[in-house]
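Topology and contacts: notes
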Amino acid sequence: KYGHHSWWLIFLSGITMMLLCDILMRNGNCIKSVCTLSEKRLMGNAAQFVLLMVLFTLCGSMASAAGHMVQLIVPVRHAYWIGLPGSLCIAWLIAKGSPKPFSVISTALMALFLGMTFLALHQNRGEETVLIPSPSSFALMKAAVYAVGYGAMNVAVSISVMCQSGCGRSRTSDRRAACFGLCMCALLFISNALYLQHPQKMNDAFPIIGFFALFGKRGYIACVALLYVAILTTLSALVSTLRSSLEARGLSPVLNALATLGLSTAVSLIGFAGIVNHLYAPGGLVCLVMVFLPMIKQNKKAY
């Protein structure tokens, strides 16, 4: 959307993720899990509420995305409204198992998507690049703020994992955070290179599907199937985190299920594109102010 400015905006988002990741890894001993904190002086009730709302927002967007994937490959009327709650229920059942397979599946999916992305880049090599109008200064300022918000949101929903991956206030934590930030930038740069070749698809909710449709019906179905699995694994991880967080607050299993699945479904009614465009970045900025800044202030002597 921002043409050549997209490169430094991605880098800004990556740097934000790297710095916040480093803070979490250095202070992982202060946090037991997302929204279940051992020291309330780091995060009060307001911060915990913000994190829960961000989790529900992301869960709703993934549920909506899963419904769209079902709609694309199942020739049934109201396939979206069948796939959305159905995927949430499947995610609830998957979340009861061990989370270890998620890392294996995610690694395999990342490798597959990278391979398919390089194929698409090679397929489109030699095409004329469509010029994108240069954005105004105000638009770039807003984009920079939103880039920080997107980075903060992604880290906020990964607090538990990042805290567990830390090594205290050591250089090892710094190196891990730096590797994470650089890897995220590299992955986003590769995708951006592909999207810049097709700016006419920038308003599509899932532009990558259109790219792989170039490989025929098999490419189309393979892409939708891979996307669905990726969405389902993410949704399962989010549901698992929400369920454990609500259990820690004393909710009964029935109320827990109703709250997790019900609120996620309610958020999904906004629609995937609407959630991504209007809630992701603002939610990340709220997390930055309510969650991360107090943490930085509380631990400023460590930096």
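Placed above this text is the structure.
Let us look at the structure shown here. (Residues numbered from 1 in each chain as written. Predicted model: local features only at pLDDT ≥ 70, side-chain atom pairs only at ≥ 80, totals over all residues. Heavy atoms only, no water.)

**Focus: the packing of aromatic side chains**
Following the criterion strictly, the structure yields four aromatic pairs and no others. Each ring, one from Trp7 and one from Phe189, has its centre 5.4 Å from the other, and the planes form 55°; the classification is tilted. Taken together, the residues span a long stretch of sequence, with Trp7 in helix 1 (residues 5-26) and Phe189 in helix 7 (residues 171-196) at a distance of 182 residues. Seen from their ring centres, Phe206 and Phe272 are 4.8 Å apart, and the 15° between their planes marks the pair as stacked. One end of the pair, Phe206, is in the loop between helix 7 and helix 8 (207-212); the other, Phe272, is in helix 11 (residues 272-298), with 66 residues separating them in the sequence. (Phe/Tyr/Trp six-rings, centres within 6.5 Å; stacked < 30°, edge-to-face > 60°. Helix = DSSP H or I, 4+ residues; strand = E, 2+ residues; numbered from the N terminus.)

**So, the packing of helix 3 (residues 79-95) against helix 9 (residues 216-247)**
The interhelical angle for the contact between helix 3 and helix 9, taken along N-to-C directions, is 65°, at an axis separation of 8 Å. Crossing of helix 3 against helix 9: the hand is right-handed. Counted together, Ser87, Leu88, Ile90, Ala91, Trp92, Ile94 and Ala95 of helix 3 and Tyr228, Leu232, Leu235, Ser236, Val239, Ser240 and Arg243 of helix 9 form the full contact between these two elements. Counted by class, the contact of helix 3 with helix 9 contains ten nonpolar, three polar and one charged residues. (Axes fitted to C-alpha atoms, helices over the stretch in contact; angles between N-to-C directions. Left-handed = near helix turned anticlockwise from the far one by under 90°. Contact = heavy atoms within 4.5 Å. Nonpolar A, V, L, I, M, F, W, Y, C, P; charged D, E, K, R; others polar.)

**Notes on the side chain of Ser264**
With respect to the helices and strands, the residue Ser264 is situated in helix 10 (residues 253-268). Dropping the residues within four chain positions of it, Ser264 is found in contact with Phe56, Cys59, Gly60, Leu88, Leu242 and Ala259.

**A few points about the environment of Gly284**
For Gly284, the location among the structural elements is in helix 11. Here the alpha-carbon distance between Gly284 and Ala152, two residues 132 residues apart in the chain, equals 4.8 Å. Contacts of Gly284, omitting those with residues within four sequence positions, involve Gly149, Ala152 and Met153.

**Quick word on the pattern of salt bridges**
For the coordinates displayed, the defined rule picks out two salt bridges. One salt bridge connects Arg26 with Asp22, and the closest N-O pair in it is separated by 3.6 Å. Here Arg26 pairs with Asp22, and both are found in helix 1, just four residues apart, close to one helical turn. By relative accessible area, which is 12% here, Arg26 ends up buried. Arg26 is the salt-bridge partner of Asp174, the closest N and O atoms lying 2.9 Å from each other. One end of the pair, Asp174, is in helix 7; the other, Arg26, is in helix 1, and 148 residues separate them in sequence. Connected through salt bridges with shared partners, the residues Asp22, Arg26 and Asp174 form a single ionic network. (Salt bridge = Lys/Arg side-chain N within 4 Å of Asp/Glu carboxyl O. Buried < 20%, exposed > 50% of the residue type's maximum accessible area, 1.4 Å probe, protein only.)

By themselves, these figures tell us nothing about what the structure is for.
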